[in-house]
Amino acid sequence: MLPADLSPASVGCIISLSILAAISSLAVALRFWSRTLTQYGLHIEDWLSLVALIFQHACVIVIFVSFINDEFEVDVYHAIPTSVLYLPRENFILTILYGISSTAIRL
């Protein structure tokens, strides 16, 4: 459950990220399903797409936690001054997760 004091922009970002995460999960699930139906078999690129999906979901979780803890505010005019201290840490975590997922999907 989301806290009641979130800004509408933060709620919109959380909802849109949830929808995109569901669509990407559906795409990977359909990929696995189609490979099993055609008896083509699962190969390394299928498993790498699953690894990339897992790391992308980890990115989404980091962003969710940031929004809920008010560390990453969308509305700049109402941003908490201490939130600037947490942005480098979250940016570092997201960069690592994105680097792993994008490398995995391109292999």
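Cut-offs and rules
Residues numbered from 1 in each chain as written. Predicted model: local features only at pLDDT ≥ 70, side-chain atom pairs only at ≥ 80, totals over all residues. Heavy atoms only, no water. Helix = DSSP H or I, 4+ residues; strand = E, 2+ residues; numbered from the N terminus. Buried < 20%, exposed > 50% of the residue type's maximum accessible area, 1.4 Å probe, protein only. Contact = heavy atoms within 4.5 Å. Areas by Shrake-Rupley, 256 points an atom, 1.4 Å probe, with all protein chains shown as cover. pLDDT = per-residue confidence, 0-100. Phe/Tyr/Trp six-rings, centres within 6.5 Å; stacked < 30°, edge-to-face > 60°. Polar contact = N/O pair within 3.5 Å; in protein donor to acceptor, adjacent residues only side chain to side chain. Salt bridge = Lys/Arg side-chain N within 4 Å of Asp/Glu carboxyl O.

### A few points about the overall build of the chain
Secondary structure assignment for the chain yields three helices and zero strands. In the chain, the order of α-helices and β-strands from amino to carboxyl end is α-α-α. For the chain, the residues scored as buried account for 25% of the 107 residues in total. If you take every contact in the chain between residues at least 6 apart in sequence, the share linking residues at least 24 apart comes to 62%. Accessible surface computed for the chain: about 7,300 Å², of which carbon and sulfur atoms make up 74%.

### Section: the confidence of the model for the chain
Confidence along the chain averages 75 in pLDDT terms, with 69% of residues attaining 70 or more. For the chain, per-element mean pLDDT is lowest for helix H3 (residues 83-106), which scores 69, and highest for helix H1 (residues 8-37), which scores 85.

### Overview of the packing of aromatic side chains
Given two aromatic rings, one states the distance between the centres and the angle between the planes to describe the pair. For the structure on display, the rule yields one aromatic pair. The interplanar angle of 75° and the centroid separation of 5.2 Å between the aromatic rings of Phe 32 and Trp 47 together place this pair among those described as edge-to-face. With Phe 32 in helix H1 and Trp 47 in helix H2 (residues 44-68), this pair connects stretches of sequence that are 15 residues apart. Take Phe 32: its relative accessible area is 16%, and that puts it in the buried class. Trp 47 gets classed as partly exposed once you look at its relative accessible area, which sits at 42%.

### Some points on the side chain of Arg 35
Tracing the backbone through its elements, the reader meets Arg 35 in helix H1. At 3.4 Å, the side chain of Arg 35 and the side chain of Asp 46 are in polar contact. Excluding its chain neighbours within four sequence positions, the residues that come into contact with Arg 35 are Tyr 40, Gly 41, Leu 42, His 43, Glu 45 and Asp 46.

### Topic: the pattern of salt bridges
Taken as a whole, this structure holds three salt bridges when the rule is applied. In this structure, the salt-bridge partner of Glu 45 is Arg 35, at a minimum N-O distance of 3.7 Å. Taken together, the positions of Glu 45 in helix H2 and Arg 35 in helix H1 put the pair 10 residues apart, joining distant regions of the chain. Glu 45 gets classed as partly exposed once you look at its relative accessible area, which sits at 32%. For Asp 46, the salt bridge identified is with Arg 35, shortest N-O distance 3.4 Å. Taken together, the residues Asp 46 in helix H2 and Arg 35 in helix H1 connect sequence positions 11 residues apart. Looking at Asp 46, the relative accessible area reads 0%, which means it is buried. Taken together, the shared-partner salt bridges in this structure form one network comprising Arg 31, Arg 35, Glu 45 and Asp 46.

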